[in-house]
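# Working through the structure, step by step
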Amino acid sequence: MPAPSPPDKAGQLTKLYARLGVTTDSDDAVVVSDMFDDAIQMCLDYTNRADFTTPILIQAKRLAIVMYNQQADEGETARSEGGVSQTFETGIPANIIAALTPYRVGKVRGFS
């Protein structure tokens, strides 16, 4: 059986640029790359891992998209304008948490 391929962070970042319509030479590319790094760290923190795997990178990409789309709404949890109400999730969205949960590593708290 062949060994699994190593996680491809650069490949996921390229796909993230494409999804957001960002070119690699734009100012937004720096912002997106930084958000992707933040999203990876948030996913690693949630899963209690030091190294990422491909499934974690994919969820980090999804989280970075959420972060990018909420840029102008940072700090808001709800808004009403012209009879339209919007509620924003804070932290990692539930659908991403559900996808990350199988990759969580338990921590040993102590021995009794």
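Quick caveat, the model's predicted, so the values are computed rather than measured. (Residues numbered from 1 in each chain as written. Predicted model: local features only at pLDDT ≥ 70, side-chain atom pairs only at ≥ 80, totals over all residues. Heavy atoms only, no water.)

## Section: helix α1 (residues 9-20)
- Here α1 is 12 residues long and its end C-alpha atoms lie 16 Å apart, about the 16 Å a rise of 1.5 Å per residue gives.
- Among the residues of α1, G11, Q12, L13, L16, Y17 and L20 are the ones counted as buried.
- Buried residues along α1 sit against α2 (27-47) and α3 (54-69).
- Just downstream of α1 lies G21, where phi reads positive at about 70°. (Helix = DSSP H or I, 4+ residues; strand = E, 2+ residues; numbered from the N terminus. Expected span 1.5 Å × (residues − 1). Buried < 20%, exposed > 50% of the residue type's maximum accessible area, 1.4 Å probe, protein only. Contact = heavy atoms within 4.5 Å.)

## A closer look at the nonpolar core
- Membership of the largest hydrophobic core comes to 24 residues, with the highest contact counts inside it found for L16, L20, V22, V32 and F36.
- Going through the elements one at a time, α1, α2, α3 and α4 (94-100) are the ones with two or more residues in this core.
- Take this core: its biggest share by element is 9 residues, from α2.
- Ignoring anything within four residues of it in the chain, the contact list for V32 reads L13, L16, Y17, L20, V22 and Y68. (Core = buried A, V, L, I, M, F, W, Y, C linked by side-chain atoms within 4.5 Å.)

## A few points about the environment of L20
- Residue placement: L20 occurs in helix α1.
- According to the relative accessible area criterion, L20 is buried, its value standing at 18%.
- Spatially, the C-alpha atom of L20 lies 7.4 Å from that of I65, the residues being 45 residues apart in sequence.
- Residues within four places of L20 in sequence aside, it is in contact with V32, I65 and Y68.

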